[in-house]
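Chain by chain, the residues run as shown.
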Amino acid sequence: MIAIVDYDVGNVGSVLNMLRKVGAKAEITRDPAALRAADKLVLPGVGAFDEAIAHLRRFELWDLLNELVLTERKPILGVCLGAQLMTRSSEEGAQPGFGWLDAHIQRFRVPEGASLRIPHMGWNIVKPTRPDIGIFKGVADPMRFYFVHSYHMVADSPDIALGTTPYGQEFVSVLGRDNILAMQYHPEKSHKYGLQIYRNFVEQFQSC
C-alpha cells in the first residue's frame, strides 16, 4: 500500500488518482498506524515552507516521518514543496527542513536583462544525470513535466542530483539518496510522463 501523507497542504487527490491509474493500492492518510503499515510514502505539498512544517508538527507527523524514513527506511517520494521539505533549509522560511538530503532551497535569481517570470510555471524538460536509475525507466525522451515554483533545490552534495532543468540557469529538479526521492515538478499533472514516474515508483523503486 502507498500512503499519501495528508497534512492539509497539497493536491493529494491528484496524486491518489495517478497512483490508482497505475494499479496501486493507495490512500490519503495522517493516521500513524496506516503510515507505519504502508510499503511506500508520498509527501506532496503546495504552499509555504514554514506553514507546511507547522502543519506536519500540528498533526504529529514530523517525528513519525523521521522514524519511518531514517530508521525504517521506507521509500518516500517528495513532490514540489514536499520535495523541498526534505532538504536542510529554505530561503522562504526560518524553520529547518527534515535534512534528509544534503541540499537547500533558494529563490530563483533572474539574470540581469532576462525576461524570465517568477514563479517558474508550466511545462519544462528534465535531463537525468543518472538515467540508469529505475525511476526514469520508460519515461518518454525528452522528459517533460509540469512545474509551479518560485524556489528551487540546490544540491550541496553533487552526487544526490539526479536531474536538472533549464530556467535561466540549470537548476536541480530531482534529488535522491538511498530510499529518498525528491521531485520539484508535479508528476500528477504531467500526463504520460508523470504516470510512468508513479508506475516506476510503485513497481520498482526501493533505493537510488
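Keep in mind that this is a model prediction, so the values were computed, not measured. (Residues numbered from 1 in each chain as written. Predicted model: local features only at pLDDT ≥ 70, side-chain atom pairs only at ≥ 80, totals over all residues. Heavy atoms only, no water.)

*Asks:* Mind showing me how you'd approach the environment of Ala34 here?
*Replies:* Along the polypeptide, Ala34 turns up in helix 2 (residues 32-37). Filtering out sequence-adjacent residues up to four positions away, Ala34 remains in contact with Met1, Glu27 and Thr29. (Helix = DSSP H or I, 4+ residues; strand = E, 2+ residues; numbered from the N terminus. Contact = heavy atoms within 4.5 Å.)

*Asks:* Got a minute to help me understand the UniProt feature "active site" (unreviewed entry) in the protein chain in this structure?
*Replies:* Mapped onto this numbering, the UniProt entry annotates "active site" (unreviewed entry) at Cys80, His186 and Glu188. The greatest C-alpha distance among the residues just named is 10.8 Å, despite their covering 109 residues of sequence, which places them together in space. Not counting residues up to four positions away in its chain, the partners in contact with His186 are Asn11, Gly45, Val46, Val79, Cys80, Tyr146 and Val148. Note that Glu188 resides in the loop between strand 11 (180-183) and helix 6 (191-203). The class of Glu188 is buried, set by a relative accessible area of 8%. For Glu188, the residues in contact, after removing those within four places along its chain, are Asn11, Ser14, Val15, Met18, Val79 and Tyr198. Side-chain polar atoms of Glu188 contact the side chain of His186, separated by 2.7 Å. (UniProt positions renumbered as here; feature names shortened; annotations may be inferred. Buried < 20%, exposed > 50% of the residue type's maximum accessible area, 1.4 Å probe, protein only. Polar contact = N/O pair within 3.5 Å; in protein donor to acceptor, adjacent residues only side chain to side chain.)

*Asks:* Could you clarify how one ought to interpret the nonpolar core in this entry?
*Replies:* Generally speaking, a soluble globular protein has its nonpolar side chains buried in company with each other. In this structure, Tyr7, Leu43, Leu56, Leu61, Leu65, Leu85 and Leu175 are the most contacted members of the largest nonpolar core, which totals 39 residues. With 5 residues, the single largest contributor to this core is helix 4 (residues 62-71). Leaving out residues up to four positions away in the same chain, Leu43 has contacts with Val5, Tyr7, Leu56, Leu65, Ile76, Leu77, Gly78, Val79, Gly82, Leu85 and Phe98. Residues Leu19, Val22, Ile133 and Phe147 belong to the second largest nonpolar core, which totals 35 residues. (Core = buried A, V, L, I, M, F, W, Y, C linked by side-chain atoms within 4.5 Å.)

*Asks:* Sorry, what's going on with the packing of aromatic side chains here?
*Replies:* The relative placement of two aromatic rings is captured by the distance of their centres and the angle of their planes. In this structure the tally under the stated criterion is 11 aromatic pairs. When the centroid spacing of 6.4 Å and the interplanar angle of 65° are considered together, the rings of Trp123 and Tyr193 count as edge-to-face. Within this pair, whereas Trp123 is found in strand 6 (residues 120-128), its partner Tyr193 is found in helix 6, the two being separated by 70 residues in sequence. For Trp123, a relative accessible area of 33% translates into the label partly exposed. Taking the relative accessible area as the measure of exposure, Tyr193 reaches 12% and is therefore buried. When the ring of Phe147 is compared with that of Tyr185, the centres are 5.5 Å apart and the planes differ by 70°; the resulting orientation is edge-to-face. Here Phe147, found in strand 7 (residues 143-149), pairs with Tyr185, found in the loop between strand 11 and helix 6; they are 38 residues apart in sequence, far enough to count as distant. Taken together through their ring pairs, the aromatic side chains of Phe108, Trp123, Phe145, Tyr146, Phe147, Tyr167, Phe171, Tyr185 and Tyr193 make up a single cluster. Above the plane of the ring of Phe59 lies Arg30, whose end atom (NZ or CZ) is 3.8 Å from the centre. In this structure, Arg107 is placed above the aromatic ring of Tyr151, and the distance from its NZ or CZ to the ring centre is 5.6 Å. (Phe/Tyr/Trp six-rings, centres within 6.5 Å; stacked < 30°, edge-to-face > 60°. Lys NZ or Arg CZ within 6 Å of the ring centre and 35° of its normal.)

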